[in-house]
Structure formats: structure tokens, C-alpha cells
Amino acid sequence: MFGNTETRTVEDDAAIRRIHELAPAVNGALFQIKKQAESGLTRRCEASATSLKEVIRSAKLPNAYTDETTGALDALMMHAYMKVTAEASMAAIEAGLEDEIDRRTKKIKEARENLSGAMRYKAPKSFQRKCERMLETALFSGGIRAKGPTKAKPLDNTPPVENRAKPVLAI
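Since we're looking at a predicted model, the values are computed, not measured.

What counts and how
Residues numbered from 1 in each chain as written. Predicted model: local features only at pLDDT ≥ 70, side-chain atom pairs only at ≥ 80, totals over all residues. Heavy atoms only, no water. Helix = DSSP H or I, 4+ residues; strand = E, 2+ residues; numbered from the N terminus. Contact = heavy atoms within 4.5 Å. Buried < 20%, exposed > 50% of the residue type's maximum accessible area, 1.4 Å probe, protein only. Phe/Tyr/Trp six-rings, centres within 6.5 Å; stacked < 30°, edge-to-face > 60°. Salt bridge = Lys/Arg side-chain N within 4 Å of Asp/Glu carboxyl O. Disulfide = S-S within 2.5 Å. Core = buried A, V, L, I, M, F, W, Y, C linked by side-chain atoms within 4.5 Å. Axes fitted to C-alpha atoms, helices over the stretch in contact; angles between N-to-C directions. Parallel < 35°, antiparallel > 145°, perpendicular 65-115°, else oblique. Nonpolar A, V, L, I, M, F, W, Y, C, P; charged D, E, K, R; others polar.

Peer 1: Please clarify how the side chain of Lys-53 should be interpreted in this entry.
Peer 2: Its place among the elements puts Lys-53 in helix H2 (residues 42-58). For Lys-53, the contacting residues outside a window of four places in its chain are Thr-70, Leu-73 and Asp-74.

Set out below in C-alpha cells:
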């Protein structure tokens, strides 16, 4: 009491008190969003992040704390979208290799939607280029092998040729 030379205003004390009251709830929500991001549930992450941002803004917390929490949320969302995009791209390539054109098309569409989400949260340009290359690879894979004869490889109807070679006599 006597040695306390720090002077703070009443508003600063109230802001610090609000931070201490909301910190456990915010940290718990961030932990839940991180678990959802790891499992690739982007829609749930998006909804949780939006509601958490609204709670933080409505609590009138200091800008430094709000900016730090928003930055952590954006990083988690970017991670979630990047993970889901990479998984969908790989699934599209695998579907193309297995000649499942419908599944390949569905996965390519899913990957493109999630790529736009990742770019919205400022994913690196190198990630975007890599994903676009993977999607291009998926587009060019599959649907090539024909089940029957084609113009390039018609059905071979010629009779088998009998071997008419003379046997070599050993001397």
C-alpha cells in the first residue's frame, strides 16, 4: 500500500478485472476451436470463432487483448482451412487414379471452396500455388482407360500365327 507508486485509472482497473473474468472462458473456447480445427470441422470453427469474436467485442475489453485473441482465432481458422484443403486435394487425386470421376469432381469442388477460406484468413501464396497444382493434377488424372477397344487400340481379330521356324540342329 505504501510502496505502490503505480497509478492506474478506474477504467484500467475495470478492464483488467473484465479480462481476468473472461480469460478462462475465452481460453476454453479457443481450446474447443483448436480441437475442431484439428478434426477439420470448418463450419463449426467458423461459427464458434464468430460468436467468440462478438463476445470479446461486446465485453469492451482493451484493444491489445482483443487483437491478440482475434489473431489467435484467425491463425486457428487458417490452419483448419489449410488442413481440409490439403486433404480434399489428395482425395481428389486418389479418386482420379481410381477412375471415380464423380467423387473426384466433388472433392475438387470441396478443395476449391476451402482454399478460398484459407486465403481469406491470409494463407501463404505458396500454399495456394501448391493446391492449384494438386487440383490440376487431379483434373488430369483418371478417366483415361477404356473398358473395351478404341480407335487407338482396336480389337485384335487376326488369327494367331503358327511358328514356322525351322529348329536349329546342334552340331
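Let's pick the thread back up.
Peer 1: Sorry if this is basic, but what is going on with unusual backbone geometry here?
Peer 2: Peptide bonds are trans in most cases, and residues, glycine excluded, mostly fall at negative phi. Although it is not a glycine, Asp-99 adopts a positive phi angle of roughly 60°. Positionally, Asp-99 belongs in the loop between helix H3 (63-97) and helix H4 (101-120). On the basis of relative accessible area, Asp-99 is assigned to the partly exposed category, the value being 29%. For Lys-122, which is not glycine, the phi torsion reads 65° and is therefore positive.

Peer 1: Mind showing me how you'd approach the packing of aromatic side chains here?
Peer 2: The relative placement of two aromatic rings is captured by the distance of their centres and the angle of their planes. In this structure the tally under the stated criterion is 1 aromatic pair. On the numbers, 6.0 Å between centres and 20° between planes, the contact of Tyr-81 with Tyr-121 is stacked. Within this pair, whereas Tyr-81 is found in helix H3, its partner Tyr-121 is found in the loop between H4 and helix H5 (125-140), the two being separated by 40 residues in sequence.

Peer 1: Where do I start with the pattern of salt bridges in this structure?
Peer 2: Between side chains of opposite charge, a pair can form when the charged atoms approach closely. Scanning all chains against the criterion turns up 6 salt bridges. Here Asp-74 ties to Lys-53 by a salt bridge, and the two come within 3.1 Å at their closest N and O atoms. Of the two residues, Asp-74 sits in helix H3 while Lys-53 sits in helix H2, which places them 21 residues apart along the sequence. With a relative accessible area of 27%, Asp-74 lands in the partly exposed category. Using a relative accessible area of 17% as the deciding quantity, one classes Lys-53 as buried. Within this structure, Glu-98, Glu-100 and Arg-103 form a network of salt bridges that share partners.

Peer 1: Help me understand the state of the cysteines, please; the structure alone is not making it clear to me.
Peer 2: One pass over the structure, following the stated rule, counts 0 disulfides. The closest cysteine sulfur to the non-disulfide-bonded Cys-131 is located on Cys-45, 18 Å from its own sulfur. Taking the relative accessible area as the measure of exposure, Cys-131 reaches 2% and is therefore buried.

Peer 1: Hey, could you run me through the nonpolar core in this one?
Peer 2: Within the largest apolar cluster, 25 residues are counted, with the highest numbers of intra-cluster contacts made by Ile-33 and Leu-52. Elements with a minimum of two residues in this core: helix H1 (10-39), H2, H3, H4 and H5. Among the elements that line this core, the one with the most residues is H3, at 7 residues. Beyond its immediate stretch of four places on either side in the chain, Ile-33 contacts Cys-45, Ser-48, Ala-49, Leu-52, Leu-73 and Leu-76. Counting residues in each nonpolar core, the second largest holds 7 residues, with Ala-92, Ile-108, Ala-111 and Ala-138 among its members.

Peer 1: Would you mind showing me how to read the packing of H2 against H3 here?
Peer 2: Here H2 crosses H3 at 175°, and the two axes come no closer than 10 Å. Judged on the interaxial angle alone, H3 and H2 are roughly antiparallel. Contacts between H2 and H3 involve Thr-42, Cys-45, Glu-46, Ala-49, Leu-52, Lys-53 and Ile-56 on the former and, on the latter, Thr-66, Thr-69, Thr-70, Leu-73, Asp-74, Met-77, Ala-80, Tyr-81 and Val-84. Looking at side-chain class alone, the contact of H2 with H3 contains 9 nonpolar, 4 polar and 3 charged residues.

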